Amino acid sequence: MTRPFAVTDLAPAVPFYLPIGNECTLFEHAYRRHLPLLLKGPTGCGKTRFVSHMAARLGRPLFTVACHDDLTAADLTGRFLLQGGDTVWSDGPLTRAVREGGICYLDEVVEARKDVTVVLHPLTDDRRILPLERTGETLRAPDDFMLVVSYNPGYQSLLKALKPSTRQRFVAVEFDFPPADTEVRVVAGESGLAPERCRTLVALAGRLRELKGHDLEEGVSTRLLVYCASLMADGVGLEEAVMCCLIEPLTDDPDVKKGLVALARIVLG
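What this report covers is the structure whose coordinates are included nearby. (Residues numbered from 1 in each chain as written. Predicted model: local features only at pLDDT ≥ 70, side-chain atom pairs only at ≥ 80, totals over all residues. Heavy atoms only, no water.)

1. Here's the deal with the overall build of the protein
From N to C terminus, the protein includes 11 helices and 10 strands. In terms of overall dimensions, the protein has C-alpha extents of about 65 × 40 × 40 Å along its principal axes. Out of the 269 residues in the protein, the part that is buried amounts to 47%. Counted over contacts in the protein with a minimum sequence separation of 6, partners at least 24 positions apart contribute 72%. Within the protein, the 36 negative side-chain charges are centred at a point lying 4 Å from the centre of the 31 positive side-chain charges. (Helix = DSSP H or I, 4+ residues; strand = E, 2+ residues; numbered from the N terminus. Buried < 20%, exposed > 50% of the residue type's maximum accessible area, 1.4 Å probe, protein only. Contact = heavy atoms within 4.5 Å. Lys, Arg positive; Asp, Glu negative; His and termini not counted. Charge placed at Lys NZ, Arg CZ, Asp CG, Glu CD.)

And the structure:
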């Protein structure tokens, strides 16, 4: 059976992450004080990399769940499965993180079904427990367990939003795309492309992000910039890399696409 989540084992290497503010220190404070953490920010701005970085930095296993419309509470807590004619209980990622003492990260938590947030509530207050009705267990979270969730406020709607009763159970940190100089360092460090060439891509991304809410639903992510720079570092030409990574992923509208191409040619010279 394929796991609907990813488990990152302890590793000596800490994933590259360049802090923008005091988010790393705040994460450590929340971890030590057993506080759940909510990260909010646009797609591809570094939320998931930040959590991976902090889990490795703290030496804790990371259980990452990509939330979606069909994700249920049972997907997180576990279920009984048939194995060789026997019925065996299989822990879900949230239960494993509580049992083993790790960081459980729910990416885009607003995409999950409503029963998921109900399961999280006992873990996000002073009780720090996970009731498992199907097994009759009540697990108490150890000191080295932490719950982290994230979402993109730009995609929120009345049907997909965290209720105030849920939001107020978390310490919240707002993420955004890094300042230009920092983003150049990130893109260059991740791709291996020369910083001066990355600076041009970051400048274009800044102009494209100004179109968010007008011609574009979402701006260019730092992730896409890294993809673009990586292609260029591997020998792909500037124009082709920009088209594949910074324009085509943003829109299918032919007229908007033509406008983006024209803007790119102006910025890139």
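Moving on from the coordinates now.
2. Examining the side chain of S191
Relative to the helices and strands, S191 resides in helix 7 (residues 180-191). The class for S191 is buried, based on a relative accessible area of 14%. In terms of polar contacts, S191 uses its side chain to reach the backbone amide nitrogen of L193, at 3.1 Å. Not counting residues up to four positions away in its chain, the partners in contact with S191 are C198, V226, A229, S230 and A233. (Polar contact = N/O pair within 3.5 Å; in protein donor to acceptor, adjacent residues only side chain to side chain.)

3. Let's talk about the environment of L39
Mapped onto the secondary structure, L39 falls in strand 2 (residues 37-40). Measuring from C-alpha to C-alpha, the distance between L39 and V171 comes to 8.6 Å, with 132 residues separating the pair along the chain. Sequence-distant contacts of L39, defined by excluding residues within four places in its chain, comprise K47, F50, V51, V148, V149, S150, Y151, V173 and F175.

4. A look at helix 7
If you check helix 7, its first and last C-alpha atoms are 16 Å apart, about what 12 residues at 1.5 Å a residue would give, namely 16 Å. Turning to helix 7, its buried residues are T182, E183, V184, V186, V187, A188 and S191. Those residues of helix 7 that are buried are in contact with helix 8 (195-209) and helix 9 (222-233). Looking one or two residues past helix 7, G192 carries a phi angle of roughly 85°, positive in sign. (Expected span 1.5 Å × (residues − 1).)

5. Considerations on the pairing of strand 4 (residues 78-83)
Relative to strand 5 (residues 86-91), strand 4 runs antiparallel, the two sharing six bridges. Among the inter-strand pairings, L81 is bridged to a residue of strand 5, identified as V88. In this antiparallel pair of consecutive strands, strand 4 and strand 5, the connection spans two residues, and G84 shows a positive phi of 60°. (Pairing = 2+ DSSP bridges.)

6. Some points on the pairing of strand 6 (residues 103-107)
Of all five residues in strand 6, four are buried; the element is thus mostly enclosed. Examined bridge by bridge, strand 3 (residues 62-66) and strand 6 share five bridges and lie parallel to one another. Note on strand 6: the bridge partner recorded for A66 is D107. In this structure, strand 6 lies alongside strand 9 (residues 146-151), joined through four bridges in parallel fashion. Its bridge partner being in strand 9, Y105 is matched across the sheet by V148.

7. Some words on the packing of aromatic side chains
The tally for this structure, following the rule as stated, stands at four aromatic pairs. For the ring pair Y17 and F50, a centre distance of 5.2 Å and an interplane angle of 50° mean the geometry is tilted. Here Y17, found in the loop between strand 1 (6-8) and helix 1 (23-32), pairs with F50, found in helix 2 (residues 47-58); they are 33 residues apart in sequence, far enough to count as distant. Side by side, Y17 and F50 carry an identical accessibility label, which is buried. Summarising the aromatic geometry, the rings of F27 and F50 are spaced 5.5 Å apart at their centres and angled 90° between planes, so their arrangement reads as edge-to-face. Placement of the pair is F27 in helix 1 and F50 in helix 2, with a sequence separation of 23 residues. You'll find F27 and F50 in the same group, each marked buried. Clustering of aromatic rings is evident, with ring pairs tying together Y17, F27, F50 and F175. Over the ring of F177 we find R209, and its NZ or CZ is 3.9 Å from the ring centre. (Phe/Tyr/Trp six-rings, centres within 6.5 Å; stacked < 30°, edge-to-face > 60°. Lys NZ or Arg CZ within 6 Å of the ring centre and 35° of its normal.)

8. As for a negative patch on the surface
Taken together, the side chains of D215, D252, D253 and D255 define an acidic patch exposed on the protein surface. Note that D255 resides in helix 11 (residues 254-268). In this structure D255 comes out as exposed when scored by relative accessible area, which is 60%. (Patch = residues over 30% accessible without salt bridge, like charges linked within 9 Å, V, L, I, M, F, W, Y side chains within 5 Å. Areas by Shrake-Rupley, 256 points an atom, 1.4 Å probe, with all protein chains shown as cover. Salt bridge = Lys/Arg side-chain N within 4 Å of Asp/Glu carboxyl O.)

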